[in-house]
Amino acid sequence: MARLAYDLEIDIDEAEAKAQGITAGFTSGTADAYTVTAYEAAQQVYQESENAIRDIFPERLEFPFVGLEGLQPERGDLLYLAGRPGMGKTSAEGQMALHFAKRGKRVIMFSLEMSAVQIQRRVTAIDAGINYKLLKGDKRTSELTDAQWGEYGKSVQRMKGLDIVYNHKGGITIEEIESIIARDVMLNGDNLVVMIDHIQIMNARGFGQENENALFTHISKKLKAIAKNNNIWVICASQLSRKCEDRKDKRPMLSDLRSSGSLEQDADIIVMMYRDEY
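Values in this document were obtained by computation on a predicted structure and should not be read as measured data.

Calculation criteria
- Residues numbered from 1 in each chain as written.
- Predicted model: local features only at pLDDT ≥ 70, side-chain atom pairs only at ≥ 80, totals over all residues.
- Heavy atoms only, no water.
- Buried < 20%, exposed > 50% of the residue type's maximum accessible area, 1.4 Å probe, protein only.
- Helix = DSSP H or I, 4+ residues; strand = E, 2+ residues; numbered from the N terminus.
- Pairing = 2+ DSSP bridges.
- Axes fitted to C-alpha atoms, helices over the stretch in contact; angles between N-to-C directions.
- Parallel < 35°, antiparallel > 145°, perpendicular 65-115°, else oblique.
- Left-handed = near helix turned anticlockwise from the far one by under 90°.
- Contact = heavy atoms within 4.5 Å.
- Nonpolar A, V, L, I, M, F, W, Y, C, P; charged D, E, K, R; others polar.

## Focus: the pairing of strand E6 (residues 269-272)
Then step 1. Across the two faces of E6 the burial differs, with Ile269 and Val271 buried and Ile270 and Met272 not buried at all.
Then step 2. Judged from the 4 bridges that link them, strand E1 (residues 78-83) and E6 form a sheet pairing that is parallel. Among the inter-strand pairings, leucine 79 is bridged to a residue of E6, identified as isoleucine 269.

## Some thoughts on the packing of helix H4 (residues 89-102) against helix H5 (residues 116-128)
Then step 1. In contact at an axis separation of 9 Å, H4 and H5 are set at 60 degrees when each is read in the N-to-C sense. Viewed along their axes, H4 and H5 adopt a mutual orientation that is oblique. Regarding H4 and H5, the two cross each other, and that crossing is right-handed. On H5, the residues touching Thr90, Ser91, Gly94, Gln95, Leu98 and Lys102 of H4 are Arg122, Val123, Ile126 and Asp127.
Then step 2. Residues that form the contact of H4 with H5 fall into these classes: 3 nonpolar, 4 polar and 3 charged.

## Quick look at the packing of H5 against helix H6 (residues 146-158)
Geometry of a packed helix pair, given as the angle between the helix axes and the separation of the axes.
Then step 1. Between H5 and H6, the least distance of the axes is 9 Å, while the angle of their chain directions is 115 degrees. The two elements H5 and H6 meet at a crossing, and its hand is right-handed. Counting all contacts with H5, which are made through Thr124, Asp127 and Ala128, the residues of H6 involved are Glu151, Tyr152, Ser155 and Arg158.
Then step 2. Classifying every residue of the contact of H5 with H6 by side-chain character gives 2 nonpolar, 2 polar and 3 charged.

## Here's the deal with unusual backbone geometry
Then step 1. The omega angle of the peptide bond from aspartate 197 to histidine 198 is -5 degrees, so this bond is cis rather than trans.
Then step 2. Counting through the fold element by element, histidine 198 comes out in the loop between strand E4 (192-197) and helix H8 (212-230).
Then step 3. Even without being glycine, asparagine 231 reaches a positive phi, approximately 60 degrees.
Then step 4. Here asparagine 231 lies in the loop between H8 and strand E5 (233-239).

Quick look at the structure:
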């Protein structure tokens, strides 16, 4: 199985099929890794109920934002973080990545627009409590106080103990992301949160930009399958259409999601970012 994880020539569907064949022998009474009997499922439901009585609950993510404390996605969930350009989606994802990693999660963040260094500036600014604009390596950096330099250095050292990985390949396809995640879960386990910025600039094999809706539908369904089949969390940023800017009340609605039909159908949770001053 380890060889499959590093075989770059093999197609992802073929690799998954082979991996399932390998693991099938370890799945009691099933034909493959995704098939269970009604009795096996009933046993799991009963066990979850017994655990709940003992205050043992299914593992969920807790969000770092005030007002979203009750938003606790479970394993297998796909969450969309939606907002207009400049609303702060990337910074919000960076804050979430930091929050999850500090609580023991492995985080892989796919950034299709920004470099790893650009994302890390935002993460470091959040972690150190420093204005992001002072970390751009220009003349404003001289405005950092001695105390801020101290917090800056501590933040850099804290990153050693956090399991955050950036993939900043531009033009990456959903199939490549699927393959990378499959290999990572195979090698490192499913204690994983995947973050993607953002769906509108992702590509897929066999699709051109001439049919945007079909492309987004394909990608969105793939993202849900990645979360479900690997038993992990997937959080993906999404742009909103300009329709919300044409209304007097600019608060976003689900219909403002680009290719909203597919994204609404596939998502378990949708969070829309908005601030009055925008």
